[in-house]
Amino acid sequence: MGFSLTKDPKLKIDEIIIVVPVKYYKKSVDRHLLKRRARAILKDILPKNKKSLRYMFFFKPGALTLPFTVLREELLSMLHTIDQ
């Protein structure tokens, strides 16, 4: 799983982009499942302030087999590295 963060002064609110490539996940059911899981996790853990940030999450092979709790911990650890 990858992560990217950019600051864009033109943004009025935070933007979240979730990328699940067809190259790794051929079935749209699998791609949508990962996107739904990511949105559910990020809705709770991302700050609700307006910092004009663009969050990009890239899912690589193996993310689909992770349990929800492990995926949550992975996303939390990625966001925690930015705060430091």
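Structure shown above.
Now for a quick tour of the structure. (Residues numbered from 1 in each chain as written. Predicted model: local features only at pLDDT ≥ 70, side-chain atom pairs only at ≥ 80, totals over all residues. Heavy atoms only, no water.)

### Quick look at the overall build of the protein
What counts is decided by this rule: Under the scheme used here, helices are H or I runs from DSSP no shorter than 4 residues and strands are E runs no shorter than 2 residues, and both carry numbers assigned from the N terminus. The cut-offs for exposure are 20% and 50% of the maximum accessible area for each residue type, with area from a 1.4 Å probe on protein chains only; residues under the lower value are buried, those over the upper are exposed, and the others partly exposed. Contacts between residues were defined by any pair of non-hydrogen atoms, one from each residue, lying within 4.5 Å. Accessible areas in this description were obtained via Shrake-Rupley with a 1.4 Å probe; residue shielding takes into account the shown protein chains only.
What the protein contains, in helices and strands, is two helices and three strands. Listing every helix and strand of the protein by position from the N terminus yields β-β-α-β-α. When each of the 84 residues of the protein is scored for burial, the buried share is 27%. When contacts within the protein are restricted to residue pairs at least 6 apart in sequence, long-range pairs at least 24 apart make up 85% of them. Counting only carbon and sulfur atoms, one obtains 57% of the accessible surface of the protein, whose full area is about 5700 Å².

### Looking at the environment of L53
On the secondary structure map, L53 appears in strand β3 (residues 53-58). Taking the C-alpha atoms as reference, L53 lies 7.4 Å from L11; in sequence the two are 42 residues apart.

### Things to note about the nonpolar core
We count it as follows: To form a nonpolar core, buried Ala, Val, Leu, Ile, Met, Phe, Trp, Tyr and Cys residues must be joined to one another through side-chain atoms within 4.5 Å.
In terms of nonpolar packing, the biggest core is built from 17 residues, with F57 and F59 touching the most fellow members. When residues of this core are traced back to their parent elements, those giving at least two are α1 (28-45), β3 and α2 (68-83).

### Describing the side chain of R31
Test applied: Here Asp and Glu are counted as negative and Lys and Arg as positive; His is not counted, and neither are the chain ends. Each reported salt bridge corresponds to a side-chain nitrogen of Lys or Arg within 4 Å of a carboxyl oxygen of Asp or Glu.
As for its placement among the helices and strands, R31 is situated in helix α1. Here R31 occupies a buried position and makes no salt bridge, while the nearest side chain of opposite charge, D30, is found at 7.6 Å. Not counting chain neighbours up to four residues away, the residues in contact with R31 comprise V20, P21, V22, Y25 and K26.

### Here's the deal with the environment of P9
Here P9 lies in the loop between β1 (2-7) and β2 (15-19). The exposure class of P9 is exposed, given its relative accessible area of 74%. As for P9 and S52, which are separated by 43 residues in sequence, their C-alpha atoms are 5.9 Å apart.

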